Amino acid sequence: MVFGRSKSSSSAPAAASSAAAAACSELRAAYHECFNRWYAEKFAKGQWHKDDCVGEWHKYRACLEEHLEDKHLRQILLESETSYCVQLDPDSSSGQGAASAK
Amino acid sequence: MVVYTQEHVYRHPWDRVTAAAWRKFTDPASRTALSHVADVHTLQRRVDTAAGRLHAERSITVRSPPLPFILRRLLPAAAASPSGAAICHCVETSTVDAPGRAMDVVVRNVSLRGIIEVEERSTFRPHPDRPDDWTQFTQETTIRCRPLAKLAAVAEKVETRCAERFLQNSAKGRDVVERICRYLEAEAAGAAPSAV
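Residues numbered from 1 in each chain as written. Chains lettered and ligands numbered in written order. Predicted model: local features only at pLDDT ≥ 70, side-chain atom pairs only at ≥ 80, totals over all residues. Heavy atoms only, no water.

- Chain B goes by PRELI/MSF1 domain-containing protein in an unreviewed UniProt entry, where it is assigned to Brachypodium distachyon.

- UniProt, in the comment section headed Sequence similarities (unreviewed entry), describes chain A in these words: "Belongs to the TRIAP1/MDM35 family." (UniProt positions renumbered as here; feature names shortened; annotations may be inferred.)

Below is the structure:
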């Protein structure tokens, strides 16, 4: 697709993010399964008032925080903790509407 | 700089097409078609349950096509492989407005931006003629080589090669989304085919 490199010094480029992939694959699969079902059956069909996958996301994210090696990707991952609520639309931040942790 | 625009009409409703688009990189049956994708992780997600908005950022790690020798010399040793391919991390930012039935996806490379910048913007909207049945897909891809690569005097060739690969992969991506749509359609009808 496009050119690039990983920050890891692995000799096999294909294994660039394999540490995170290997360590978090089950938690990722659990999150994807939850997300895909929730999106298709609820969110996209008008039932967006509850986020069903908060628990799965937090477990998966904690794993990534521990195992993700690439500097750029870590930066984006860590941004999500600090800037969570600040970036949301101000008019939708009332109550628990904007929080994913509820 | 090269810019490509593509359009496609999915003969499936918006909710099904966008559900399929989310599964594109993570569906096990798509691995062969999208073999350039080495890894996908969700790095950020926000759900605004009051407004019906969803925002997510995913990393997409891809294998590049083999690079020209001169460009390979510009790469740090860690990125090069014997075959001349390289690993690139892209970030995909998706926003879904469920009440407005709008999904926008932007993919950018985060690796090697000193050499090349690629941006792919996609939109999914209900088709104006049959908003409840069909989905209009548009995609604009911009590829720009940086001055460092231009010095290598192969920038134009690289842009072209990169664009060709992008277009091939876009076409594969559309096929994958079409296939997942059919699967979801069958599943919704209560009879998911055993072979996806």
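### Focus on the overall build of chain B
Step number 1: Per the secondary structure count, chain B includes four helices and seven strands.
Step number 2: Starting at the N terminus and ending at the C terminus, chain B contains elements arranged as β-α-β-β-α-β-β-β-β-α-α.
Step number 3: Burial status across chain B gives 57% buried among its 196 residues.
Step number 4: Long-range pairs, those at least 24 residues apart, make up 58% of the contacts in chain B with a sequence separation of at least 6.
Step number 5: In the structure as shown, chain B presents an accessible area of about 8,400 Å², 51% of it carried by carbon and sulfur atoms. (Helix = DSSP H or I, 4+ residues; strand = E, 2+ residues; numbered from the N terminus. Buried < 20%, exposed > 50% of the residue type's maximum accessible area, 1.4 Å probe, protein only. Contact = heavy atoms within 4.5 Å. Areas by Shrake-Rupley, 256 points an atom, 1.4 Å probe, with all protein chains shown as cover.)

### As for the side chain of Ser122 of chain B
Step number 1: With respect to the helices, strands and loops of the structure, Ser122 of chain B is situated in strand β6 (residues 116–126).
Step number 2: A polar contact is formed between the side chain of Ser122 of chain B and the side chain of Gln139 of chain B, at a distance of 3.1 Å. (Polar contact = N/O pair within 3.5 Å; in protein donor to acceptor, adjacent residues only side chain to side chain.)

### Description of the state of the cysteines
All names here are of chain A.
Step number 1: Within the structure shown, the criterion is met by two disulfides over all chains.
Step number 2: Between the sulfur of Cys24 and that of Cys63 lies a disulfide, 2.1 Å long from S to S. An S-S torsion of about -90° defines the bridge between Cys24 and Cys63 as left-handed. Of this pair, Cys24 sits in helix α1 (residues 18–41) while Cys63 sits in helix α2 (residues 54–67), and the two are 39 residues apart along the sequence. Grouping residues by exposure puts Cys24 and Cys63 together as buried.
Step number 3: Note on cysteine connectivity: Cys34 is disulfide-linked to Cys53, with sulfurs 2.1 Å apart. Between Cys34 and Cys53, the S-S dihedral sits near -95°, and the bridge is therefore left-handed. Remark: Cys53 occurs in the loop between α1 and α2 and Cys34 occurs in helix α1; sequence separation between them is 19 residues. In this pair, the class of Cys34 matches that of Cys53, namely buried. (Disulfide = S-S within 2.5 Å.)

### Looking at the sheet that holds strand β5 (residues 102–109) of chain B
All names here are of chain B.
Step number 1: Read from one edge of the open sheet, seven strands run β1-β7-β6-β5-β4-β3-β2, paired in antiparallel fashion. Of all strands in the sheet, those with a lone pairing partner are β1 (2–10) and β2 (37–48), marking the two edges. Averaged over all adjacent pairs, the angle separating strand axes in this sheet is 15°, with direction ignored.
Step number 2: The sheet contact formed by strand β4 (residues 87–97) and β5 spans eight bridges and is antiparallel. Across the sheet, residue Thr93 finds its bridge partner in β5, namely Val106.
Step number 3: Together, β1, β3 (53–63), β4, β5, β6 and β7 (135–145) form the strand contacts of helix α1 (residues 14–23), whose direction differs from that of β6 by roughly 150°. (Pairing = 2+ DSSP bridges. Axes fitted to C-alpha atoms, helices over the stretch in contact; angles between N-to-C directions.)

### A word on the packing of aromatic side chains
Step number 1: In total, this model carries 12 aromatic pairs over all chains according to the counting rule given.
Step number 2: Judged by centre distance (6.0 Å) and plane angle (35°), the rings of Tyr31 of chain A and Phe35 of chain A are tilted. Of this pair, Tyr31 of chain A and Phe35 of chain A are both found in helix α1, four residues apart, which corresponds to roughly one turn of the helix.
Step number 3: One aromatic cluster is present, built from ring pairs that chain together Tyr31, Phe35, Trp38, Tyr39, Phe43, Trp57 and Tyr60 of chain A together with Trp22 of chain B. (Phe/Tyr/Trp six-rings, centres within 6.5 Å; stacked < 30°, edge-to-face > 60°.)

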